[in-house]
Each structure stands twice: as structure tokens, then as C-alpha cells.
Amino acid sequence: MTDSANPRDSIHPSLEQALQMPRIAIESTEPVVNEGRFAAKAIIGRPVAVCTRIFTDGHDKLAAAVCWRQKGEQTWRRTSLKATGNDWWEGEFTPTQVALHEFRIEAWWDLYETYRYELGKKHAAGVPVELEVEEGRLHVERAVQRSEGELRGTLEDILGRLNHSHLSEERVSVLLASETANAMRAADPRDHCSESAAFPLDVERTRAEFASWYELFPRSETDSPERHGTFRDVIKRLPMIRDMGFDVLYFPPIHPIGRTHRKGRNNSLEAGPNDPGSPYAIGSEDGGHDAIHPELGDFDDFRALVQAAADKGLEIALDFAIQCSQDHPWLKEHPGWFSWRPDGTIKYAENPPKKYQDIVNVDFYADDAMPDLWNALRDVVWLWVEQGVKIFRVDNPHTKPLPFWEWLIADIRARDPDVMFLSEAFTRPAVMAGLGKVGFNQSYTYFTWRNTKQEMGEYLTELNETPWRDCYRPNFFVNTPDINPFFLHTSGRPGFLIRAALATMGSGLWGMYSGFELCEAAPVPGKEEYLNSEKYEIRPRDYRAPGNIIWEIAQLNRIRRQNPALHTHLGFQLYHVANDNILYFGKRTADRSNFILVAVCMDPHNAQEGSFELPLWEFGLPDDAQTYGEDLMNGHRWTWYGKSQWMRIEPWHLPFGIWRLTPPSAEPDMQVGQ
């Protein structure tokens, strides 16, 4: 083996290489995803917390900064980092544009701070410092020469005081002064400056992390199962949806539905003449993904709905499902985009034991599909963006190539950075995280199947840790047309309130499929599926039916809007309560100015009680401190005395408590209603 073939050559530098290597090490920077291969996620106007480890040889003082800019800008913005111990440095910066950004870390020897530290030690020890004072004067003199403007004037004034004073104590005082330190820091030549790589940061709009989603089938917005609902009918529902506190209204596919192998009621293989079919069987003689089901209306009706929703603070989200009925125009126009069996029949979709005879999938890597299919799918998304849609819920993205998503999302967001994509992926953790890395703004989660105190506590904690917190935004849907959770089958009204509280308090993003507010739970026996599924029939509802939880949902959404700690899944902390059926946690802003405590009874049938602790240590308070509480569901306020407290939750009344905790330094107005 020759020397050049030796793998150790790459890690053992030559002398010439070593002489050029940085003297200061910058390591373990966060937030960074896959060493910068993918962009970490951030929100416009919200500080990005940065931490990094910086060290060098010797004992000289270091200084460091985080530098950031919008991708493509020439100049960097810069803010100082603070040493927090054991070579760790922390700081933050706040992006002000929705765009792809980048940031890097800079570190250098802080010559003057090193000098100032040594001068202070010697002076305090009574060591003669005449020579050190002269060294300090020369430091300032050189700083004057390399400065200009107001900074130069400040340094010249400091130098004048040093030159005109003959008293050693006065000169030491000037050299140690914070004013001098600040000016010298601004004029620092940054010797031995090291720079990290530039790390990407995807800065997105607020709704990427804080939104309440409501899902409905437009065709069911009718007064009779015999009459197909329309976009104009949906407009009539908008005030009610807004008043419940939702800001995203999401539709399953609104395209023409195929007739070949159309599914009948309850997913039967035989459809009756009036069965509407599954909207996921996209495509008929009326068109494909770029068309609207004719019974819903036309493009003018759709644009009118988008505008009416916007007038009420709602955004319309559409389903982007990359699948076709066997009547989709693409099968005739582009047969090479699909997979065909040896007998000449087309291969339909399967998820054993489930079969979807009414659906066929495209083949992304078929010879005829690259790049035409990819471009066609991108053009479908852009068509709907042009109609005013900025949010897409993507059906089963984990069954499509990750390179496709990385390209498509980047392409669309380069044209309009406000466009967002929600990943409907229930699959392996690495794949779910991978979808977040390639650009999905938010994702469905395992929340639906976390039912015990331990399961939910562990999951919420995990989502707040790396790598998840930097690449994955969880949207806690309490149900979907495909998922009627086992927990809800027998838990009654308390069970629905439990899941609503967990979703709304646990994440800044949550969603529900219509019928949840009516506590609908009739299942296909033994399955997490709805009996008489709306996927296969038109289902009008009486949204004012007795037993609904509309008021509670509206109140939960109001609490979310009014408390910044609830605008994200981050800031979660699990706390102790002496009961295995009560989940007790806090959500708090970084500065603790908004501190919410949540206690949820995970048992929908029985009262639960136990001792718990107020997290006084989070405010630096002693165990006997006095704090203030407010029940955010009913407005009741009180004073808490000490750390140890007791709770009792009766699920038939309300299976959760949501309290705002206020320390004595910020005493609230105790008059209810103010």
C-alpha cells in the first residue's frame, strides 16, 4: 500500500497543514441537523438559542459570537456569545424574515480581556504593576490606530486619561473599567479567529409551529345525505369553526372521484349507484389532481371559499395525495408513469391486509417518469398555491422518495416561502424525522397511541430533545377519518376532553376531524376505524347535538392563544404527582414570564387524587414561598402557600386542570375578570 492510499493520511496533517490549522476549536454547535446537511427549524420573530463548545490551548481568555444572515446576503449580523462554564458558550439571535438562513460561530483570543484579568489579579495581590500599566496603555494606543468614528473618539478619551495621569491607581482604575473593556472589545483585532462551518436554518412563519386544525369533508356540509355538499355550503360553517378557535380548515381531496372499483359504504368492494366513493380515489373523466369534483363547485366557488375563510382568520389546507383512480387521465396520457403486472393489468395499492383496488400509485423512478412526473406533481401543487392555498397536508409521504420531497418542497418554497407541508406519516421514527429534515414543516405523530401517564410523559419529553426538537414539529391530531382511537371507544365524553387537553396543551399544533366535538366513537368492532366511515358516504351532522364539547374546545383554543408558553411543543417539563393516573407537567417560556401547569387525569372513569409539588425552584423560590394560581378554564384565582399541594380530579366534571402560576414578584390583579 502506498502512502497516499493509507487511510491515516487524512487525519495526520503535514507540517504545512498544521501551521494553517485553527488554534481554537469549535464543536458540538446547536441547533444543527446531521452536521448541517439539513436545515434546523426556526420561527420568524422568535429567538434562536445557540450553544457551542469552544476551547483552545493555555489559559488566555476567549471571545465568541454567532453570526447569521439570510441565504444569499453578503454581510453577516453578529451578536456576542456568553461563556457558561466547562467551555460551553450560549447566545441567541432573532431572524426577522421567512426565508432560508445560515449561521456560524466565530471565536478568537480576547487579548485585552486576558490582559485585564491578569492585571486585576496582580493589583488585588499587591504586586507592582507599573510595567503592566504601560502594556495596557499600548493596548489602547494600538486600538485607537485601528478604529474610527465614535469608537475611535471613545478610545482616544481613554488614552488621554492614561497619558495625563501620573497616579498608578488612577491608571489601573481606567484600565479595569467596564467602559474601557467594552470599547476594547469593540476594537478587538480578533487574533487567531476561528470560524465554524455555516449551518442552514429554515425560518418559517408562525403558523408552522402554532395552529389549530379542523378537518371536514365539504361534501358532508349538507342537510341531507342525498344532497352533495358544496363549497358554498362550507362558507356557512366558517363562523362556527372560527368561534371554536380554529385557524386552519383542512379538506380531504376535492378532486373528481373515479368509478372503476369504487368503494361502497364501510369500505365494501361493491358501490351502489349513489355511493360517492372515497375522495382518495382521485381522477375521472372530469379531470385529475388539477380539477375540482363538479358537485363541489368550480374554481370561482373555491376561490370564494378561500377568501371567505381568510376574512374570518382561517386558512384553507388541501390534501396532496399522490395516487390515482383507475380512471385518472394520467393512465391514458402517461402510462409509463405507472407499474404494470405481467398480465397487463395495473398494480393497485395495498397495505396488507388492506387492499385499495380503487387506487393505483405512480412509479417515481420509471424511465418515462423522470423528470416529467416529478415536474407534473410540482405543477399540481403550484396550481393550488395560485388559487390561494398555502398549506398542504401530504398523504403518506413516507411511501414516496425522500429526494423527491426535498426537491419539491425546496422548489415551491423558493417561489413562495409561506407555503407549508404537513406530513401524514405514521411509520418508523427515523423516517418520520427524515421527512422533517427534507423540508416538511410539521408532522402527524405517535400521540394518538400514547395513552398512559408514562407513555405520554416520555413522548413529550422526547420531542423536546435533540434531534427531534431541531427537525420535527409535532401536530397532535386527536382523530382522523382513518383513525378512531381505541381509547375513545369506551371512554365517553371525559375521554374526548382528556385527549383534547393533552393535544392542545402538549403541542403548539393540534387538529381534530369533525365529529370529535360530538364525541363520535362508534367503531368497526375490534378496529381503530369508524363505523359508517365518512370516507365512503355523505354524513350530515347536527353540530349542536346534546353532549357536545364545543365550548370546552373553544376555551382550550382561547387559552392557547393567550399564553405564549403554549405556542410550541417546546418548553415542556414533567413534574411529580403521587398518582400513576395523573399526568402533571409545565409549559413555560424561556424567561419564565408565562408559566402554565397542566394536570390531566388519564383515567376517564374514576376520580384521581394525589400530592404534587409546585416547581418553585424554577423561579429560585424557597419551599415555603407564596405564589398565585389561576384556573384558566373558569377564571378562578387563589394564593398558593408552599411547594407541597394536593389535587383531586373528577373526570365527570372536567378531567384536567390548567393553571397559570405567577411568582410573588409579579403579583396579579386578584379581581376575577380583570
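Bear in mind that the values here come from a model prediction, so they are computed numbers and not experimental data.

**Things to note about the UniProt feature "site: Transition state stabilizer" (unreviewed entry) in the protein**
Right, on to step 1. As annotated in UniProt, the feature "site: Transition state stabilizer" (unreviewed entry) corresponds to Asp 482 in the numbering used here.
Right, on to step 2. Take Asp 482: it is sitting in the loop between β19 (475-477) and α15 (486-489).
Right, on to step 3. A residue is classified by how much of its surface remains accessible, and Asp 482, at 31% relative accessible area, is partly exposed.
Right, on to step 4. Not counting the four nearest positions on each side in its chain, Asp 482 is found in contact with Glu 528, Glu 529 and Lys 535.

**Points about the UniProt feature "domain: Glycosyl hydrolase family 13 catalytic" (unreviewed entry) in the protein**
Right, on to step 1. The sites that UniProt annotates as "domain: Glycosyl hydrolase family 13 catalytic" (unreviewed entry) are residues 215-545.
Right, on to step 2. As a span, residues 215-545 carries 31% helix and 13% strand, and end to end its C-alpha atoms are 19 Å apart.

**Concerning the pairing of strand β23 (residues 595-601)**
Right, on to step 1. Summarising burial for β23: seven of the seven residues are buried, a large majority.
Right, on to step 2. The alternating pattern of β23 places Phe 595, Leu 597, Ala 599 and Cys 601 on one face and Ile 596, Val 598 and Val 600 on the opposite face, and all of these are buried.
Right, on to step 3. In sequence, strand β22 (residues 582-588) turns back onto β23 through a hairpin of six residues, with Arg 592 there showing a positive phi of about 65°.
Right, on to step 4. Bridge analysis of β23 against strand β28 (residues 656-662) gives five bridges, and the strand direction is antiparallel. Bridge pairing in β28 places Ala 599 opposite Gly 657.

**Description of the sheet that holds strand β21 (residues 572-574)**
Right, on to step 1. Here six strands make up an open sheet; going across it, the order is β21-β22-β23-β28-β25-β26 and the pairing antiparallel. Each edge of the open sheet is held by one strand with a lone partner, namely β21 and β26 (637-641). Direction aside, the axes of adjacent strands within the sheet are offset by 30° on average.
Right, on to step 2. With three bridges connecting them, β21 and β22 associate as antiparallel partners.

**Let's talk about the pattern of salt bridges**
Right, on to step 1. Counted by the stated rule, this structure contains 52 salt bridges.
Right, on to step 2. Between Glu 204 and Arg 473 there is a salt bridge, with its nearest N and O atoms 2.6 Å apart. Here Glu 204, found in strand β10 (residues 199-204), pairs with Arg 473, found in the loop between α14 (468-471) and β19; they are 269 residues apart in sequence, far enough to count as distant. For the pair shown, Glu 204 and Arg 473 are each scored as buried.
Right, on to step 3. A salt bridge links Asp 470 to Arg 469; its shortest N-O distance comes to 3.9 Å.
Right, on to step 4. On the accessibility criterion, Arg 469 (33% relative accessible area) is partly exposed.

**Observations concerning the state of the cysteines**
Right, on to step 1. Under the counting rule described, the total for this entry stands at zero disulfides.
Right, on to step 2. Here Cys 67 stays free of any disulfide, with the sulfur of Cys 193 as its closest cysteine sulfur at 8.1 Å.
Right, on to step 3. Residue classification places Cys 193 among the partly exposed residues on the basis of a relative accessible area of 33%.

**Some words on the packing of helix α2 (residues 111-124) against helix α3 (residues 130-145)**
If you want to describe how two helices pack, look at the angle between their axes and the distance between the axes.
Right, on to step 1. Where α2 contacts α3, the axes come no closer than 11 Å and their chain directions differ by 155°. The orientation of α2 relative to α3 falls into the category roughly antiparallel. Of the two elements, α2 crosses α3, and the hand of that crossing is left-handed. Contacts from Tyr 112, Tyr 115, Leu 119 and Lys 122 of α2 reach α3 at Glu 132, Val 133, Glu 135, Gly 136 and His 139.
Right, on to step 2. The residue makeup of the contact of α2 with α3, split by class, is four nonpolar, two polar and three charged.

**A few points about the packing of aromatic side chains**
Right, on to step 1. Evaluated as defined, the whole model comprises 41 aromatic pairs.
Right, on to step 2. Judged by centre distance (6.2 Å) and plane angle (70°), the ring pair of Trp 213 and Phe 477 falls under edge-to-face. With Trp 213 in strand β11 (residues 211-215) and Phe 477 in strand β19, this pair connects stretches of sequence that are 264 residues apart.
Right, on to step 3. Arranged with centres 5.2 Å apart and planes meeting at 90°, the rings of Phe 426 and Trp 449 form a pair that is edge-to-face. With Phe 426 in the loop between β17 (420-424) and α12 (429-437) and Trp 449 in the loop between β18 (442-443) and α13 (453-463), this pair connects stretches of sequence that are 23 residues apart.
Right, on to step 4. Among the aromatic residues, those joined into a cluster by ring pairs are Phe 320, Phe 364, Tyr 365, Trp 374, Phe 392, Phe 404, Trp 405, Trp 407, Phe 421 and Phe 440.
Right, on to step 5. Against the face of Phe 487 rests Arg 499, its NZ or CZ located 5.8 Å from the ring centre.

Cut-off values and rules
- Residues numbered from 1 in each chain as written.
- Predicted model: local features only at pLDDT ≥ 70, side-chain atom pairs only at ≥ 80, totals over all residues.
- Heavy atoms only, no water.
- UniProt positions renumbered as here; feature names shortened; annotations may be inferred.
- Helix = DSSP H or I, 4+ residues; strand = E, 2+ residues; numbered from the N terminus.
- Buried < 20%, exposed > 50% of the residue type's maximum accessible area, 1.4 Å probe, protein only.
- Contact = heavy atoms within 4.5 Å.
- Pairing = 2+ DSSP bridges.
- Axes fitted to C-alpha atoms, helices over the stretch in contact; angles between N-to-C directions.
- Salt bridge = Lys/Arg side-chain N within 4 Å of Asp/Glu carboxyl O.
- Disulfide = S-S within 2.5 Å.
- Parallel < 35°, antiparallel > 145°, perpendicular 65-115°, else oblique.
- Left-handed = near helix turned anticlockwise from the far one by under 90°.
- Nonpolar A, V, L, I, M, F, W, Y, C, P; charged D, E, K, R; others polar.
- Phe/Tyr/Trp six-rings, centres within 6.5 Å; stacked < 30°, edge-to-face > 60°.
- Lys NZ or Arg CZ within 6 Å of the ring centre and 35° of its normal.

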